[in-house]
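Notes for the structure review
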Amino acid sequence: ERRKKEEEKKKKEAAEKAEKLRVERERMAKEAAERAEKQRQEKERAAKEAAEKAANERAERERLAREAAEAEEIRQRIVQAQEREREERGREEEARREQLLRQQISQREREREEHMKVLEERRKEQAQKLAEEQAREKELLEHE
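Residues numbered from 1 in each chain as written. Predicted model: local features only at pLDDT ≥ 70, side-chain atom pairs only at ≥ 80, totals over all residues. Heavy atoms only, no water.

It is worth spelling out the overall build of the protein at this point. Each helix and strand in the protein was counted, giving 2 helices and 0 strands. For a compact globule of 144 residues, the expected C-alpha radius of gyration is about 15 Å, and the protein comes in at 35 Å, more than 25% above that figure. Principal-axis analysis of the C-alpha atoms gives the protein an extent of 130 × 15 × 15 Å. Residue pairs in contact within the protein that sit at least 24 positions apart in sequence constitute 76% of those at least 6 positions apart. (Helix = DSSP H or I, 4+ residues; strand = E, 2+ residues; numbered from the N terminus. Rg over C-alpha atoms; globule rule 2.2 N^0.38 Å. Contact = heavy atoms within 4.5 Å.)

Bringing helix 1 (residues 2-88) into the picture now. The end-to-end C-alpha distance of helix 1 is 127 Å, a good match for the 129 Å that 87 residues give at a rise of 1.5 Å each. Taken together, the buried positions of helix 1 are occupied by Gln-39, Ala-46, Glu-57, Glu-60, Leu-64 and Gln-82. (Expected span 1.5 Å × (residues − 1). Buried < 20%, exposed > 50% of the residue type's maximum accessible area, 1.4 Å probe, protein only.)

Attention now goes to the environment of Leu-130. Along the chain, the position of Leu-130 falls in helix 2 (residues 91-143). Taking relative accessible area as the criterion, Leu-130 reaches 30% and is therefore assigned partly exposed.

Attention now moves to the pattern of salt bridges. Two side chains bearing opposite charge may form a pair once their charged atoms approach each other closely. Per the counting criterion, the structure on display carries 19 salt bridges. Between Glu-109 and Arg-112 there is a salt bridge, with its nearest N and O atoms 3.2 Å apart. Of this pair, Glu-109 and Arg-112 both sit in helix 2, 3 residues apart, roughly one helical turn. You can call Arg-112 partly exposed: its relative accessible area is 30%. The structure contains a network of salt bridges with shared partners spanning Glu-42, Arg-45, Glu-49, Lys-53 and Glu-133. (Salt bridge = Lys/Arg side-chain N within 4 Å of Asp/Glu carboxyl O.)

Below, the discussion takes up the packing of helix 1 against helix 2. Direction vectors running N to C along helix 1 and helix 2 enclose 170 degrees, while the axes themselves pass 11 Å from each other. Between helix 1 and helix 2, the angle falls in the class roughly antiparallel. Tallied by class, the residues present in the contact of helix 1 with helix 2 amount to 15 nonpolar, 5 polar and 20 charged. (Axes fitted to C-alpha atoms, helices over the stretch in contact; angles between N-to-C directions. Parallel < 35°, antiparallel > 145°, perpendicular 65-115°, else oblique. Nonpolar A, V, L, I, M, F, W, Y, C, P; charged D, E, K, R; others polar.)

Turning next to helix 2. Spanning 53 residues, helix 2 covers 77 Å between terminal C-alpha atoms, matching the ideal 78 Å at 1.5 Å per step. Among the residues of helix 2, Glu-94, Leu-101, Leu-119, Glu-133 and Glu-137 are the ones counted as buried. Buried residues in helix 2 make contact with helix 1.

The topology assignment puts Gln-80 in helix 1. Residue class for Gln-80 comes out partly exposed when judged on its relative accessible area of 43%. It is 33 Å that separates the C-alpha atoms of Gln-80 and Leu-119, two residues lying 39 residues apart in sequence.

With that out of the way, let us pick up the environment of Glu-19. Following the sequence through the fold, Glu-19 ends up in helix 1. Classification of Glu-19 by relative accessible area gives partly exposed; the value is 37%.

Encoded structure:
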C-alpha cells in the first residue's frame, strides 16, 4: 500500500511537472509570437516611413525641376528684354545688365545645386538607416 501511495505521489508529481512545462512552453510561444508581431509592425512602419520619405524627395525634386524651368523661362524673358534694351541703350548699359543676369543665373544655379546636394545626402542617410534597421531586424530574427 505504501508502494502504491508512492507511485501515485510520483504520478501526481510527474503530472504537475508536465503541466508546468506545458504552461511554460505556452508562455514562451506567446512571447515569441508577440516579438514576431512587434518586429513585423516595426518593419511595416519602417517601410511606410521610407516610402513617405521617398515620395517627399520625389516631390521636392519635381518642385526643383519646375523652379529650374521657371528660372529658364525668366532667363529667356530677361535675355529678350536685354536684346530690346541693347537696341535702345548704349553698349555700357547692356554690358552691366548682362553681368547682373549672369550673377542671378549663377546664384540660382548654386542654390539649386546646393539643394540637390542636400537631397542626395538625405537620400543616402535614409538608405543607410534603412540598411541598418534591416540588419538589426535580421540579427534579431537570427537570435530567435
